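Geometric and topological summary
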Amino acid sequence: MKHALATKELKNAWTSSVSALCMSVLLVLAGCGDQATPAKTPENDMQNSVLAVLQRVTDGELDNVSVIEVRDNEPEWFEVNASNGEARVTGNSKSAMAYGAYQYLREQGALSVSWEGKRVAIPATFPDFDGEKTYTPFSQRAYLNVCAYGYTTPWWDWARWEQELDWMALHGVNNPVAMEGQEFVWQALWKEFDLTDAELAEYFSGPAFTPWQRMGNIEGHDGPLPQSWINKKHSLQKQILARMHELGMKPVVPAFSGYVPKAFADKYPDAKIYEMPRWTGFQNATYWLDPADPLFTKLAKRFIEIYTATYGEQQYYLSDAFNEMLPPVSKNNRHAGLASYGKRIYESIAQAAPNAVWVMQGWMFGADEEFWDLASIDAFLQDVPDSKAMIHDIGNDRYHVWQRTEGFKGKPWVFGFIHNYGGSDPVYADFNDYVEQLKVVKASSKSGALSGFGVFPEGINNNSVAYEFLFDLPWQAQPDTSKWVSTYTQARYGKTSPELVDTWNKLIDGVFSVKYWQSRWWKDSAGAYLLFKRPTIQITEFEGHPGDIASLDAAITQLLAQADEYKNAPLYTYDLVDFTKHSVSVHADSMLQQVVLAYQRKDFARGDALLTQVESAVSRLDDLLGWHQESLHSWLTDAASYGDTIEESTYYISNARQQITQWGGPKLKDYASKAWQGMYRGYYLPRWKQYLAAYREAMKADKPFDDNAAQQALIKWEQQWIGQHTIPPLVKPSNPNAQVKALMRGFSH
């Protein structure tokens, strides 16, 4: 969490060491059922692990809260009571107690923890309080997407992971997706099957692209992968899994899904290996081993054996054989083939881990729904024991797979949302939709064996309010939104008011009633805003972004009017800057459209004037965004810091630049676009200026515009940008409130 704000109440640099536990643990039970019995854990491990989280996130300021574990057969629950100035958190699981403590401290206005910072204001005494048991019907609270390990975590060290694990605990997560460290195992596996280091160097993709390598979408993209990176992630995963275990979490770890290196296919020509269709147009093919081939069983078994020897025995194993990759089945034998695939993949896991649960993402059933009709899904799942499967239905902000499959026909499953795609960061969420969808699924007779709730972002470090809201839903499925906002702002800013809640209601209308930021995909082009997409004169056809820009701008005006009351609340300013970022970006998109229209009409004076306004607004926004936690500077600095040599650091910088721009293949450009300082002024704006200059010249000369030549020139410019090894400095704004006011003055309604 580099470059974050720091004050007495906002301490972004969380300590990575466990503070000495100075609080007493009560040894008597209170408010528990008659059948509850005290837990017998070595050295009060249950209490100590939860208290350690609370101590870390409060920097050791919490000495008047204790925790008590009870053992019972009830669904997970917590209860908080306070007397004599001290609070007591009781619960029947570590995650329940950690979440319960955080929920209580938020309600007291004493603690707010987010990716961009935290506010700690623990009172000397707590008022007397008699709480009630709060239950969750969801035994799994899942978190993270396999893609987050490319879009967010490739340069994380243990200090950053410890922060995230504390965040998970406070938000009740107990079933996280844990994908670090697997290249160490893959490397060992492939060497057992005679692949050389040189061949693996051709196989492994670069650090920012490892998730898609693992899922069989790509091979050897922007590699090779340094051995030092593999070794660091190996050590890191040991620490991550150990901490997850301490916190009572049951991680989801990888299993073999059938994808093999090309070198393996060459070495075993008699094996039944399919060359798969190129994912999104990538040049390199990927290769999938048929589960009926005896080698599949051997590889799958050895992978889990090596993984277990390296990281310990696990319960949940993720194997996605067909993530945006269609199964190789014939028309005449389609359902029998799918049934065989499903049965054999399950058995390949069970042979090495008999008690394991096969986890698969339901994403493929939605993303490729033309292939995955109900009969095909039934066939794929039919021979997998219900108790040995778990489906993460991750994409309910886009697809409703559970309804189409009638709750996955008896397989346990986790209902959830992706929310964030590509680590891209427009400001949006949909509070009401989350509540309504959860209400519908819980009441449905077709929800099947629904057992969990999850949030599966492809990238994090943005829109933290959405995740704060979402992870409350497993415990309070029908929150009063106004009351929730009041509690949230009180905890986050140190105080709240009816005026501030009214402002947040406008924010909900403006940006937090958007189910999916669908305009990030437009005419086969990614990018959160038009400004972020590779330029095209077709933008005149763009029909607008979701959300209500007028409500957003009105809310920003109100936030500015109240800013003096919150001058000691850095997170208030952080949010004000974030909302302004979104507003200015949306307005800039409209102005870019007007520039192109003006040039088409040959009103060059008008077009030039509008382009000058765009340049001014975007440049000033870039200055303002130095207030934020993430920037091009931080992304590249973290990448460079991961290198052990100058050569490694240089490579990591290029790899990091590649991912947030061209990505790879012909379709994924700008998929991971970032609203960061350094990107607005240094990448998006000059790219548009270059393109519009060429377009203006053609219109001025009354000649046909050669769009293909202009696109090729842009690609060349992008490649030059990616090849730079410099890291732009971070420039902090001196007076963000004044800068917001000046910026927004030009967009008043």
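What counts and how
- The written sequence of each chain sets the order in which its residues are numbered from 1.
- Reporting of local features is limited, given that this is a predicted model, to residues whose pLDDT is at least 70; pairs of side-chain atoms are given and counted only at 80 or more, and all residues count toward the totals for whole chains, interfaces and linings.
- The side-chain numbers reported here are obtained from all heavy atoms of the structure, hydrogens and water having been left aside.
- Salt bridges are counted wherever a side-chain nitrogen of Lys or Arg sits within 4 Å of a carboxyl oxygen of Asp or Glu.
- Under the scheme used here, helices are H or I runs from DSSP no shorter than 4 residues and strands are E runs no shorter than 2 residues, and both carry numbers assigned from the N terminus.
- Each residue is placed in one exposure class: buried if its accessible area under a 1.4 Å probe, protein chains only, is under 20% of its type's maximum, exposed if it is over 50%, and partly exposed if it falls in between.
- Any N or O atom pair separated by 3.5 Å or less is treated as a polar contact, with the protein-specific requirement of one donor-capable and one acceptor-capable atom, and with residues adjacent in sequence counted only for side-chain atom pairs.
- Contacts are residue-level and defined by heavy atoms, with any inter-residue pair within 4.5 Å sufficient.
- For Phe, Tyr and Trp, rings pair up if their centres lie within 6.5 Å, where Trp contributes its six-membered ring, and each pair is then called stacked (planes under 30 degrees apart), edge-to-face (over 60) or tilted (otherwise).
- As a per-residue measure, pLDDT reflects the predictor's confidence and takes values from 0 up to 100.

Focus on the pattern of salt bridges
Taken as a whole and judged by the stated rule, the model has 39 salt bridges. In this structure, Asp 472 engages Arg 106 in a salt bridge whose closest nitrogen and oxygen atoms are separated by 2.7 Å. With Asp 472 in the loop between helix H16 (464-470) and helix H17 (481-493) and Arg 106 in helix H2 (residues 94-107), the pair connects residues that are 366 residues apart, well separated along the chain. For the pair shown, Asp 472 and Arg 106 are each scored as buried. Overlapping salt bridges, with partners in common, bring together Arg 56, Glu 162, Asp 166, Arg 243 and Glu 246 in one network.

Brief notes about the side chain of Arg 657
Along the chain, Arg 657 falls in helix H23 (residues 646-659). Only 3.0 Å separates the side chain of Arg 657 from the backbone oxygen of Gln 724, close enough to count as a polar contact. Discounting chain neighbours no more than four positions away, the residues touching Arg 657 are Trp 635, Leu 636, Trp 721, Ile 722, Gln 724, Thr 726 and Pro 728.

Re the packing of aromatic side chains
Counted by the stated rule, this structure contains 84 aromatic pairs. Ring plane angle 35° and centroid distance 5.1 Å describe the contact between Tyr 143 and Trp 167, whose orientation is recorded as tilted. In this pair, Tyr 143 sits in strand E9 (residues 140-143) while Trp 167 sits in helix H4 (residues 158-170), placing the two residues 24 residues apart along the sequence. We classify Tyr 143 as buried; its relative accessible area is 0%. On the accessibility criterion, Trp 167 (3% relative accessible area) is buried. A centroid spacing of 6.3 Å and a plane angle of 65° characterise the contact between Trp 155 and Tyr 642, whose relative ring orientation is edge-to-face. Of this pair, Trp 155 sits in the loop between helix H3 (148-151) and H4 while Tyr 642 is found in the loop between helix H22 (632-641) and H23, placing the two residues 487 residues apart along the sequence.

Points about unusual backbone geometry
With the exception of glycine, most residues fall at negative phi, and the peptide bonds are largely trans. In this model, Gly 223 is joined to Pro 224 through a cis peptide bond whose omega is 0°. Of note, Pro 224 is situated in the loop between helix H7 (210-214) and helix H8 (227-246). Even without being a glycine, Asp 59 presents a positive backbone phi close to 55°. Mapped onto the secondary structure, Asp 59 falls in the loop between helix H1 (45-57) and strand E2 (65-71). Assessed through its relative accessible area of 25%, Asp 59 is described here as partly exposed.

Thoughts on the environment of Ser 376
Within the element layout of this structure, Ser 376 appears in helix H13 (residues 374-381). Counting along the chain gives eleven residues from Ser 376 to Phe 365, while the straight-line C-alpha distance between them is 9.6 Å. In this structure Ser 376 touches Arg 334, His 335, Leu 338 and Phe 371, once residues within four positions along its chain are discounted.

Considering the confidence of the model for the protein
When pLDDT is averaged across the protein, the result is 93; 93% of the residues are at 70 or more. Throughout residues 1-43 the model reports pLDDT below 50, and contacts reaching past four residues in sequence, or to other chains, amount to 109 contacts.

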